[in-house]
Amino acid sequence: MLTDHASVYEAARDDKLFSSAETVGIPPSGMPFPIIPSESDPPQTQQFRTITLSAFSPKAVKALHSTMREIATELIDSFVERGECDIVAELTNPLPARMMLRMLGFDESTWQSWVDRAHAVIHDRTHSPEAAQAAGGSIMAELGREIAKRRDADPEADVFARIVHGTVDGNPLNDDQIMMYGLQMILGGMDTTSGLTSNTLFELCSNSAVRDRLLEDRSLLPAATEEFLRHGTPVLNQARTVTRDVEFHGRQLRKGDRVMLAWASANHDPAVFENPEQVDLDRTDVRHLSFGVGAHRCLGSNLAREMFVVMLDEVLTRLPDFRLSGAPEKFPDAGEVHAMRRMRIAFTPGQRVGVY
């Protein structure tokens, strides 16, 4: 286990020594094929990422901002008059899921089914591997149907069409690679941003000083985003496989060893972050590793940041006095993803603002 900032940072940038091709899951995903691009090594990693990279560029994500706002308005309108809600089930889950399905060109109205299966694949495999396997199989079957729809479609019609028509080393992706790439989009897009947002809202329920500053000054949101990514890191850990015998940071590693890169622990390293358990909006150098570094830096980091800012801003604007109305329920395993399963909040009822 690599737990300090220096060793995690170095290992994440050394793909020759620390391979991602076998599996990065803790425990392993159980999928029959690598989940690409995450479970690949350079130079193929860059080729896999190039297929969809432009869809997640800063410019492309900014163009989606108004859509995110519209969805957030619609979702909050659905519960704002009640004065209470499960903020995870009614905002932080559906918004990222709907955005990802819209980008992939899938039926956005089916978001709940996709979220349920994604959560089963990620969170159930430690205590209910049969349920995780069944959910994974269901996702694969549906992705297979989507592949068939795009064989003769415009390669630029949507993100999934880009994947279906993508190439690596000059060769078209095969169906197994396409499905694994699609699975990566689903798992990455439907769990981690929701987790970051729910973790942050939970923190703000007890941290009135930080909440008050954000209520008074929204220009702090960009800095706050980086600090909340550091403090409430949604992806806790990932694995790598050692490719040769080597001494690394004073420890002997052997070829074939599995090594855990503890992103969240690195983000709380007191050698790098003063008072790491404190949310400090005035940190000037937040070198967090929440999106990873190097060739495997999170492909959707720009999208995640934008969705997080939109959701947090909308909650602060429309539910400013939100508070917990019961004990939140976290996903029990949290082997990889630290997130809330349910979190009920109460607030002063407000008015709907959208036109439907």
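Please refer to the structure placed before this passage.
Below or above, wherever it landed, is the structure these notes cover.

What counts, and where the lines are drawn
Residues numbered from 1 in each chain as written. Predicted model: local features only at pLDDT ≥ 70, side-chain atom pairs only at ≥ 80, totals over all residues. Heavy atoms only, no water. Helix = DSSP H or I, 4+ residues; strand = E, 2+ residues; numbered from the N terminus. Rg over C-alpha atoms; globule rule 2.2 N^0.38 Å. Buried < 20%, exposed > 50% of the residue type's maximum accessible area, 1.4 Å probe, protein only. Contact = heavy atoms within 4.5 Å. Lys, Arg positive; Asp, Glu negative; His and termini not counted. Charge placed at Lys NZ, Arg CZ, Asp CG, Glu CD. Pairing = 2+ DSSP bridges. Expected span 1.5 Å × (residues − 1). Polar contact = N/O pair within 3.5 Å; in protein donor to acceptor, adjacent residues only side chain to side chain. Axes fitted to C-alpha atoms, helices over the stretch in contact; angles between N-to-C directions. Parallel < 35°, antiparallel > 145°, perpendicular 65-115°, else oblique. Left-handed = near helix turned anticlockwise from the far one by under 90°. Nonpolar A, V, L, I, M, F, W, Y, C, P; charged D, E, K, R; others polar. Core = buried A, V, L, I, M, F, W, Y, C linked by side-chain atoms within 4.5 Å. Phe/Tyr/Trp six-rings, centres within 6.5 Å; stacked < 30°, edge-to-face > 60°. Lys NZ or Arg CZ within 6 Å of the ring centre and 35° of its normal.

### Here's the deal with the overall build of the protein
Tallying secondary structure elements over the protein gives 15 helices and twelve strands in all. Whereas a compact globule of 356 residues would reach a radius of gyration of roughly 21 Å, the protein reaches 20 Å, a difference of no more than 12%. Looking at the protein as a whole, 55% of its 356 residues qualify as buried. Contacts in the protein between residues far apart in sequence, at least 24 positions, make up 70% of those at least 6 positions apart. Across the protein, the 37 positively charged side chains and the 51 negatively charged ones have centroids separated by 1 Å.

### Focus: unusual backbone geometry
Residues other than glycine predominantly adopt negative phi, and peptide bonds predominantly adopt the trans conformation. Note the cis peptide between Ile-26 and Pro-27, where omega equals -5°. Looking at the element boundaries, Pro-27 is found in the loop between strand 1 (18-19) and helix 2 (44-50). Positive phi values are uncommon outside glycine, yet Asp-169 reaches one of about 55°. Considering the arrangement of structural elements, one finds Asp-169 in the loop between strand 3 (167-168) and strand 4 (171-172). Positive phi, normally seen in glycine, also occurs at His-249, with a value near 50°. Position of His-249 relative to the elements: it lies in the loop between strand 6 (246-248) and strand 7 (251-253).

### A few points about the pairing of strand 5 (residues 237-242)
Burial runs high along strand 5: five of the six residues are buried. In this structure, strand 1 lies alongside strand 5, joined through two bridges in antiparallel fashion. Counted as the bridge partner of Phe-18 is Val-242 from strand 5. Relative to strand 8 (residues 258-262), strand 5 is paired through five bridges, and the arrangement is antiparallel. The residue of strand 8 that forms the bridge with Gln-238 is Leu-261.

### With respect to helix 10 (residues 175-189)
Here helix 10 spans 21 Å end to end across 15 residues, near enough to the 21 Å set by a 1.5 Å rise per residue. Helix 10 sits mainly inside the fold: eleven of its 15 residues count as buried. Listed in full, the buried residues belonging to helix 10 are Ile-178, Met-179, Met-180, Tyr-181, Gly-182, Leu-183, Gln-184, Met-185, Ile-186, Leu-187 and Gly-189. Looking at the buried residues of helix 10, the elements they touch are helix 2, helix 6 (94-104), helix 7 (111-123), helix 8 (129-150) and helix 9 (159-164). Structurally, the start of helix 10 carries an N-cap: the backbone nitrogen of Asp-176 is 3.1 Å from a side-chain oxygen of Asn-174.

### Focus on the sheet that holds strand 9 (residues 323-324)
In space, the three strands of this open sheet follow the order 2-12-9, with antiparallel pairing throughout. Where the open sheet ends on each side, the last strands, each with one partner, are strand 2 (84-86) and strand 9. Sheet topology note: the strand 9/strand 12 (residues 344-346) ladder contains two bridges and is antiparallel. Bridge pairing links Leu-324 to Ile-345 in strand 12.

### A look at the packing of helix 8 against helix 10
Pairs of packed helices are described in terms of their axes, by the angle between the two and the distance that separates them. Between helix 8 and helix 10, the shortest axis-to-axis distance is 10 Å and the interhelical angle comes to 115°. Accordingly, the angle class assigned to the pair helix 8 and helix 10 is roughly perpendicular. In this structure, the crossing between helix 8 and helix 10 has a hand that is right-handed. Touching Ile-139, Met-140, Leu-143, Gly-144 and Ile-147 of helix 8 are Asp-175, Ile-178, Met-179, Met-180, Gly-182 and Leu-183, all from helix 10. Residues that form the contact of helix 8 with helix 10 fall into these classes: eight nonpolar, two polar and one charged.

### Topic: the nonpolar core
Formed by 87 residues in total, the largest nonpolar core has its most connected members in Ile-87, Leu-214, Phe-228 and Leu-319. With nine residues, the top contributor of residues to this core is helix 15 (residues 301-318). With sequence-adjacent residues up to four places away left out, Ile-87 is seen in contact with Phe-79, Thr-92, Leu-201, Val-315, Leu-319, Met-343 and Ile-345. Of all hydrophobic cores here, the second largest spans 17 residues; its members include Leu-2, Leu-253, Trp-263 and Val-293.

### Digging into the packing of aromatic side chains
Counted by the stated rule, this structure contains five aromatic pairs. Between the aromatic rings of Phe-18 and Phe-248, the centroid separation amounts to 5.0 Å while the plane-to-plane angle is 70°, which identifies the pairing as edge-to-face. Highlighted residues: Phe-18 in strand 1 and Phe-248 in strand 6, separated in sequence by 230 residues. Given a relative accessible area of 0%, Phe-18 falls into the buried group. By relative accessible area, which is 6% here, Phe-248 ends up buried. Look at Phe-106 and Phe-160: their rings are 5.2 Å apart centre to centre, the planes differ by 75°, and that puts the pair in the edge-to-face class. Residue Phe-106 is found in the loop between helix 6 and helix 7, and its partner Phe-160 is found in helix 9; the two are separated by 54 residues along the sequence. A residue is classified by how much of its surface remains accessible, and Phe-106, at 6% relative accessible area, is buried. Since its relative accessible area comes to 0%, Phe-160 is described here as buried. Counting every residue linked through ring pairs, the aromatic cluster contains Phe-106, Trp-114 and Phe-160. Residue placement shows Arg-211 over the ring face of Phe-322; its charged tip is 4.0 Å from the ring centre.

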